[in-house]
Amino acid sequence: MYSEAHDLYAALGVDTEAALKRLAKIPVSIHCWQGDDVGGFENPDGQLGSGLAVTGNHPGKARTPDELRQDLEKALSLIPGNHRLNLHAIYLESDTPVERNEIETRHFQGWIDWCKARHLGLDFNPSCFSHPLADAGFTLSSPDAAIRQFWIEHCQASRAIANDMGRQLGSKAVTNIWIPDGYKDTPADRLAPRQRLKAALDEILAIPTPHNIDAVESKLFGIGSEAYVTGSHEFYLGYAIEKQIALCLDAGHFHPTEVISEKISACLLYLPELLLHVSRGVRWDSDHVVTLNDELLAITREIVANNFEDRVHVGLDFFDASINRVAAWTIGVRNTLRGLLIGLLEPTAQLRRAELNGDHTTRLALQEEAKTMPVGAVWDEFCRRNDSPVGAAWLSDVQHYEKAVLSKRT
Ligand code: RNT
Ligand code: ZN
């Protein structure tokens, strides 16, 4: 089937071998937090807050770093290619409680060593939520100077750790700052929190971290911050351009008809890099598992059609506790890779030629024909060459793992 697909694509002017080679070089940053419903290991009874919500009670969530790594290993064995792990600060390892502003690289050394042994890159995030000092709804933009200072120190510590991660692994860590700050109801002052956030970020970024790439993530609204979010899109777009850092675009953080695929080319005219949080909002920022839908295809197509692989860091951000969590990872990452492959198999040169000639008939005709080309055969070949299960074969593996391992966690 692959060799037939190869010939059919060749007739269209597309080289499937080149596509397979390029796909193998694109890492996806796999978010650790799908494995335990954004719980982390600070405190076993910690409550998720700050407008983040996970629904579902599928059994078997990871309760310890070792369980989370075991689950990640299972997922990685079912995902073709070489990828990255995306860690949050609340996933530290320590026998004694450590305040967020006192975290150090040694609390993450277990993760760094694990990534090193598996040739995985590592990305990082300060965790400005699920904490008593985030309960008032404000962190880096808090009017309380002591609270603000606490979160500034947490972010500074996080960047220093990420810098060590990047140095130790020989691959820069992307450190993404997202804060939940905002008001449930109409603010009297929309400006002052943004002035405070800008000043706080300036302090955080003042320390050079050559092995770290800084990113900032906006949001439209959260539960409890419906009327106003300090870190809006305009705020961070402007900030990232001014500082020439990366902007993080989360697919669930815009108005429901607004898509991040449309923003990539525009943002990259002014920004060095982007981080994507590939997510799937259903009616709201619901963080459903990424499926192979139109918007995923549009995002992945924009990356590869413009040769932006080196400037767009692809991260995932969803958390679904209603299904097997290892399967959630596997489905989401495999879909993201499949989306990238579909983009790579597009006859982009022909489409652009038709477009330049004003031949929009040919453009539309080829775009539509491409949709039913045998991408599945090329995807299966990618899995085969990368020692990963072909088709739905991975599912029985996950079912076995659920029975043998996950169901025993009570
Ligand atoms: C929240 C943001 C943020 C988080 C993770 C856990 O709305 O999307 O990226 O989901 O950092
Ligand atoms: Zn996100």
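Preceding this section is the structure that the text describes.
In this report, we go over the structure that sits alongside the text. It should be emphasised that the depicted structure is a prediction, and the values quoted were computed from it without experimental measurement.

### Points about the packing of helix α1 (residues 2–11) against helix α13 (residues 375–385)
With their axes 8 Å apart at the nearest point, α1 and α13 run at an angle of 125° to one another. On the basis of the axis angle, α1 is oblique to α13. For α1 against α13, the interelement crossing comes out left-handed. Residues Tyr2, Ala5 and Tyr9 of α1 lie in contact with α13, whose contacting residues are Val375, Ala377, Val378, Glu381 and Arg385. Its residues assigned to classes, the contact of α1 with α13 shows 6 nonpolar, no polar and 2 charged.

### Considering the site of ligand 1
Around ligand 1, the neighbouring residues are Trp33, Leu52, His88, Trp178, Glu217, Lys219, Asp250, His253, His277, Asp285, Asp317 and Phe319. For ligand 1, an oxygen atom lies 2.7 Å from a polar atom in the side chain of His88. Asp317 has a polar side-chain atom sitting 2.8 Å from an oxygen atom of ligand 1. When ligand 1 is considered free in solution it has 310 Å² of accessible area, and contact with the protein chains removes 100% of it. Of the residues belonging to the shell around ligand 1, the class tally is 4 nonpolar, 3 polar and 5 charged.

### Description of the coordination of the zinc ion (ligand 2)
Any two of four tetrahedral donors ideally make an angle of 109.5 degrees at the metal, while pairs among six octahedral donors ideally make 90 or 180 degrees. Protein coordination of the zinc ion (ligand 2) is provided by Glu217 (OE), Asp250 (OD), His277 (ND1) and Asp317 (OD), with donor distances spanning 2.1 to 2.2 Å. Its 6 donor atoms give the zinc ion (ligand 2) angles of 71 to 170° at the centre, a pattern that matches the octahedral case. Within one chain, the residues donating to the zinc ion (ligand 2) are spaced in sequence as E-x32-D-x26-H-x39-D. One end of the pair, Glu217, is in strand β6 (residues 212–217); the other, Asp250, is in strand β8 (residues 246–250), and 33 residues separate them in sequence.

What counts, and where the lines are drawn
- Residues numbered from 1 in each chain as written.
- Chains lettered and ligands numbered in written order.
- Predicted model: local features only at pLDDT ≥ 70, side-chain atom pairs only at ≥ 80, totals over all residues.
- Heavy atoms only, no water.
- Axes fitted to C-alpha atoms, helices over the stretch in contact; angles between N-to-C directions.
- Helix = DSSP H or I, 4+ residues; strand = E, 2+ residues; numbered from the N terminus.
- Parallel < 35°, antiparallel > 145°, perpendicular 65-115°, else oblique.
- Left-handed = near helix turned anticlockwise from the far one by under 90°.
- Contact = heavy atoms within 4.5 Å.
- Nonpolar A, V, L, I, M, F, W, Y, C, P; charged D, E, K, R; others polar.
- Near = heavy atom within 4 Å.
- Polar contact = N/O pair within 3.5 Å; in protein donor to acceptor, adjacent residues only side chain to side chain.
- Areas by Shrake-Rupley, 256 points an atom, 1.4 Å probe, with all protein chains shown as cover.
- Donors = N, O, S within 2.8 Å, 3.2 Å for Na, K, Ca; no water.
- Tetrahedral: all angles 85-135°; square planar, octahedral: opposite > 155°, others 65-115°.

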